[in-house]
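Coordinate inspection notes
What follows is the residue order along each chain.
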Amino acid sequence: MNTTPLISVIVPVYNVEKYLPRCLDSILGQSFRDIEVICIDDGSTDGASEILFRYAEQDERLRVITQENRGIAAARNAGLDIAVGRYITFLDSDDEVASDIYEKLFSQNVGDVDALCFGAHELLDAGTEKKFFNSGYFDVKFSGKVSLQDEDLFKLSATVWDKIFLKKNIDAIGLRFPEGVLYEDNAFVWNYFIIFRNVFFEKSKLYFYYRRSGSLMDGSRKRKEDLSFHYIKIIDTIYEFWIARNILPSKQQLFEKVTRYLFRASISSANKWETAGLVYALASSIRQWSFIPNDKQFLDISKGNLSITIGKLPFGVDIYNLRKPKGLERLFYLRNSGPYKVIGIL
């Protein structure tokens, strides 16, 4: 095996024996062979571990790491610690990739870029039935080589598995996934692309992303308590990373826009009774910032000037969009938490 493969593919594995062969076959059967595959068994209790070692015996490009269950972020970080490829990419163990994904990408003149981004198919996996659908979220918004501007960063998906990263860049900034929190991809993506902006985009859909009924990302699931608070922790993680690398305060305007973006995500995923707690959690975070917010609503939140009421009130500040309702919104506004809207009374 080549000791310095072009690509290291990192695959966290936990209790996916039903889907794992499909995943491994898609990656080891690539027409492009210059890869290493690092599978991290994160304490599986089903037959996933046996499957991994069986595949490793048949293909020397597959390396298996076993560890106690610590979550997907810790598993990916373990893979990053030992990866030797020039490029790093990620694959979830219940998904798969097109058989020619890397040949298609690297047969083009990608040049000296910091990352490659590609499209993804979305599938609903409800047992025996699989259906393609397209939310549009994973559609690539650019084509070819692009030098990303600040506003372009919001057009990227917040997932890592539809991207390939230059390993020397990851090492240069000491980038890792935050452990012990959900939505960890958000932090990795924002912390990488705030610094490295030269990207090659391929519009073809080369990844197959499966949404399984009952999974965390299944839109039909009942909202679980406390999940939305993890977005606030991601905001804190991004803040700490940007402060440590002197990205702030010069990028304060962008950071506040990222904060607004993630806070909206937290509100939209919250149970209605959690909204006031989310605003309180955000206020606690803002008070730790080393600069005064430019955003008036952030300033009001940090000072405790916003009291939160759930109902259908015509006045105040809409917490979801952090702006005053406009026009008929003041009378007919049904968003945020099911049939409720969240109003802050100044």
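Everything numeric in this text was worked out from a predicted model, so none of it was measured.

Let's shift gears to the overall build of the protein. The helix and strand inventory of the protein stands at 10 helices and 13 strands. Split into buried and exposed, the 346 residues of the protein put 55% on the buried side.

What follows concerns the packing of helix 7 (residues 229-244) against helix 9 (residues 275-286). Remark: helix 7 packs on helix 9, axes separated minimally by 10 Å, with the N-to-C direction vectors making an angle of 10 degrees. Between helix 7 and helix 9, the angle is such that the two are roughly parallel. Each of F229, I232, I235 and D236 in helix 7 lies in contact with helix 9, whose residues at this interface are G277, L278, A281, L282 and S285. Considering only residue class, the contact of helix 7 with helix 9 consists of six nonpolar, two polar and one charged.

The next thing to look at is the confidence of the model for the protein. Confidence in the prediction for the protein averages 87 pLDDT; 83% of positions are at 70 or higher. Note on residues 214-222: pLDDT under 50 across the span, and nine contacts to partners over four residues away in sequence or across chains. A low-confidence stretch, residues 331-346 (pLDDT under 50), is modelled with 62 contacts involving residues beyond four sequence positions or located in other chains.

Attention now moves to the side chain of S302. Mapped onto the elements, S302 comes out in helix 10 (residues 296-303). Beyond its immediate chain neighbours, meaning those up to four positions away, S302 contacts A283, I286 and R287.

Let us now look at the packing of aromatic side chains. Within this structure, the stated rule accounts for 28 aromatic pairs. Consider the rings of F90 and F188, whose centres lie 5.9 Å apart with planes at 80 degrees: the pair is edge-to-face. Of the two residues, F90 sits in strand 4 (residues 87-90) while F188 sits in helix 6 (residues 184-193), which places them 98 residues apart along the sequence. Looking at F90, the relative accessible area reads 1%, which means it is buried. By relative accessible area, F188 is classed as buried at 0%. Aromatic side chains F154 and Y261 sit 5.9 Å apart centroid to centroid with 75 degrees between the ring planes, which places their arrangement in the edge-to-face category. Taken as a pair, F154 in the loop between strand 8 (144-147) and strand 9 (163-166) and Y261 in helix 8 (residues 252-268) lie far apart in primary sequence, 107 residues in all. Cluster of aromatic residues (ring-pair linked, three or more members): F90, F165, F177, F188, Y192, F193 and F196. We note R76 situated over the ring of F177; from NZ or CZ to the ring centre the distance is 5.0 Å. The positively charged end of K257 is found above the aromatic ring belonging to F154, 4.7 Å away from the centroid.

Attention now goes to unusual backbone geometry. Cis geometry marks the peptide bond from L248 to P249; its omega dihedral reads 15 degrees. With respect to the helices, strands and loops of the structure, P249 is situated in the loop between helix 7 and helix 8. Of note in the backbone geometry, Y183 takes a positive phi value of approximately 60 degrees without being a glycine. The exposure class assigned to Y183 is buried, which follows from its relative accessible area of 11%. Positive phi outside glycine occurs at N246, with the angle close to 60 degrees. Counting through the fold element by element, N246 comes out in the loop between helix 7 and helix 8. N246 sits in the exposed class, given a relative accessible area of 66%.

What counts, and where the lines are drawn
Think of each chain on its own: its residues are numbered from 1, step by step along the sequence as written. Per-residue local features of the predicted model are confined to residues with pLDDT of at least 70, and side-chain atom pairs are confined, for both listing and counting, to 80 or more; whole-chain, interface and lining totals are unaffected and use all residues. Note that water and hydrogens are dropped before the side-chain values are worked out from all heavy atoms of the structure. Note on conventions: DSSP H or I runs of at least 4 residues are helices, E runs of at least 2 residues are strands, and numbering of each starts at the N terminus. We call a residue buried when its accessible area falls under 20% of the maximum for its residue type, exposed when it is over 50%, and partly exposed in between, using a 1.4 Å probe and counting protein chains only. Angles here are taken between N-to-C directions and fall from 0 to 180 degrees, while the axes themselves are lines fitted to C-alpha atoms, restricted in helices to the stretch in contact. Roughly parallel covers angles under 35 degrees, roughly antiparallel covers those over 145, roughly perpendicular covers 65 to 115, and oblique covers all other angles. Whether two residues are in contact is decided by their heavy atoms: any pair within 4.5 Å suffices. The nonpolar class holds Ala, Val, Leu, Ile, Met, Phe, Trp, Tyr, Cys and Pro. Asp, Glu, Lys and Arg form the charged class, and all remaining residues, Gly among them, are polar. pLDDT is defined as a per-residue confidence score from the predictor, taking values between 0 and 100. Two rings belonging to Phe, Tyr or Trp (six-membered ring only in the last case) form a pair when the distance between their centres is within 6.5 Å. Interplanar angles under 30 degrees mark stacking, angles over 60 mark edge-to-face geometry, and anything in between is tilted. A ring is considered to have a charge above it if a Lys NZ or an Arg CZ atom is located within 6 Å of its centre and within 35 degrees of its normal.

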